[in-house]
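Observations on the three-dimensional arrangement
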Amino acid sequence: MRKQIAAANWKMNGNYQQAEKLLNDILSANVILQDHQQAIFSVPSPFLIMAKTEVGEEGGYDVAAQNCFNKASGAFTGEVSVEMLHSIGINYCIVGHSERREYFAESNAMLAEKVNLCLQSSITPIFCCGEPLNIREANTQNDYVAKQLAESLFHLSDRDVQRIIIAYEPIWAIGTGKTATSLQAQEMHAHLRSVLAGKFGAEVANNISILYGGSVKANNAVEIFSQPDVDGGLVGGASLNAEEFLTIIRSLK
Ligand code: PGA
């Protein structure tokens, strides 16, 4: 059974003290997760070790990096390698968030390299895809996201692709307060799953968690997560508020 996941994406917000308090406020609520449920905190790099320590052995809770570099090591001042993440116990890393694609020119080919490095170090990539507004308005979003998957994931084996989490995040819904309707989310998630099934077979595709991201809030999470092909969410703004994120965790199927 594929996992249902609430993944917080804190982005570049807050300082150490605020991060520690937010994490404490959420963890001290002691929301018990079932075996098929998971909550993941994608925190800024300087807070990874602290977050890992806070989360500890808490069942179902873990920590993700927000990014990694697409080369194993070397003269790349300021970058963080997958090996560094692995060596501090990190099990998850967001790869290809639309903000990275847009502001840091990350290409599908570069993201394929990041995915490979993560998998080699037993780090689960949370691979983001999603279309900008002009593509949605032209109604070509299905081909657009299929290409993102094909160019970054189709080289993987059946076994490895099942080690990935996918996050569908329509760019026009990120941080805008404009959520895709639950029907739009379901349609796209079903499409993504059929694209994966076409390449890797239905059984493999059914094992892959596909999260929805883009203005998920406490008051719309149940409705979005209830869709059959939506396996939870990648949550930005609302994950910075303990009560909001707790409600989102509790909204998992
Ligand atoms: P948002 O961000 O929830 O603030 O729209 C989601 C994301 O970018 O992961």
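Relevant structure appears above.
Overview of the structure. (Residues numbered from 1 in each chain as written. Predicted model: local features only at pLDDT ≥ 70, side-chain atom pairs only at ≥ 80, totals over all residues. Heavy atoms only, no water.)

Here we come to the overall build of the chain. The secondary structure content of the chain amounts to 12 helices and 8 strands. Taking 2.2 N^0.38 as the reference for a compact globule, 253 residues should give roughly 18 Å; the C-alpha atoms of the chain span a radius of gyration of 17 Å, in line with that estimate. The C-alpha extent of the chain, read off along each of the three principal axes, is 45 × 45 × 35 Å. In the chain, buried positions account for 55% of the 253 residues. Sequence separation of at least 24 residues holds for 73% of the intrachain contacts in the chain that already meet a minimum separation of 6. Here the chain displays about 11000 Å² of accessible surface, and carbon together with sulfur accounts for 51% of that area. Within the chain, one finds 19 positive and 27 negative side-chain charges whose respective centroids are separated by 2 Å. (Helix = DSSP H or I, 4+ residues; strand = E, 2+ residues; numbered from the N terminus. Rg over C-alpha atoms; globule rule 2.2 N^0.38 Å. Buried < 20%, exposed > 50% of the residue type's maximum accessible area, 1.4 Å probe, protein only. Contact = heavy atoms within 4.5 Å. Areas by Shrake-Rupley, 256 points an atom, 1.4 Å probe, with all protein chains shown as cover. Lys, Arg positive; Asp, Glu negative; His and termini not counted. Charge placed at Lys NZ, Arg CZ, Asp CG, Glu CD.)

Of the two faces of strand 6 (residues 165–168), the one carrying I165 and A167 and the one carrying I166 and Y168 are both buried. Pairing of strand 5 (residues 124–129) with strand 6, which is carried by 4 bridges, proceeds in the parallel orientation. Residue pairing for strand 6: C128 is matched across the bridge by A167. In terms of strand pairing, strand 6 meets strand 7 (residues 210–213) through 3 bridges, oriented parallel. When the bridges of strand 7 are listed, I166 appears paired with I210. (Pairing = 2+ DSSP bridges.)

Here we take up the site of the ligand. Looking at the ligand, there are 13 residues lining it, with K11, H97, E169, G175 and S215 nearest. Between the ligand and G237, the relevant distance is 2.8 Å, taken from an oxygen atom to a main-chain nitrogen or oxygen of the residue. Relative to its unbound accessible area of 280 Å², the ligand is 97% covered by the protein chains. (Near = heavy atom within 4 Å. Polar contact = N/O pair within 3.5 Å; in protein donor to acceptor, adjacent residues only side chain to side chain.)

In the structure shown here, the tally under the stated rule is 7 aromatic pairs. For the ring pair Y16 and F47, a centre distance of 5.9 Å and an interplane angle of 80 degrees mean the geometry is edge-to-face. Of this pair, Y16 sits in helix 1 (residues 16–27) while F47 sits in the loop between strand 2 (37–42) and helix 2 (48–55); the two residues are 31 residues apart in sequence, bridging distant segments of the chain. With a relative accessible area of 35%, Y16 lands in the partly exposed category. Since its relative accessible area comes to 8%, F47 is described here as buried. Here a set of aromatic residues connected by ring pairs shows up, and it is made of W10, F41, Y61 and F245. (Phe/Tyr/Trp six-rings, centres within 6.5 Å; stacked < 30°, edge-to-face > 60°.)

Taking 1.5 Å of rise per residue, 13 residues should cover 18 Å, and helix 5 (residues 108–120) covers 18 Å from first to last C-alpha, within 8% of that figure. In this fold, the buried residues of helix 5 make contact with helix 3 (82–87), strand 4 (92–95), helix 4 (98–103), strand 5, helix 7 (141–153) and helix 8 (158–161). Positioned one or two residues after helix 5, S122 has a phi angle of 55 degrees, which is positive. (Expected span 1.5 Å × (residues − 1).)

Time to look at the packing of helix 7 against helix 9 (residues 182–200). Contact geometry for helix 7 and helix 9: axes closest at 10 Å, N-to-C directions at 40 degrees. As summarised for this structure, helix 7 and helix 9 are arranged oblique, according to the angle between their axes. Our pair here, helix 7 against helix 9, has a crossing hand that is right-handed. Every residue of helix 9 that contacts helix 7 at Q141, N142, V145, A146, L149 and L153 is listed here: M188, H191, L192, V195, L196 and F200. Residue composition of the contact of helix 7 with helix 9, grouped by class: 9 nonpolar, 3 polar and no charged. (Axes fitted to C-alpha atoms, helices over the stretch in contact; angles between N-to-C directions. Parallel < 35°, antiparallel > 145°, perpendicular 65-115°, else oblique. Left-handed = near helix turned anticlockwise from the far one by under 90°. Nonpolar A, V, L, I, M, F, W, Y, C, P; charged D, E, K, R; others polar.)

None of the figures reported here should be taken as evidence of function without further support.
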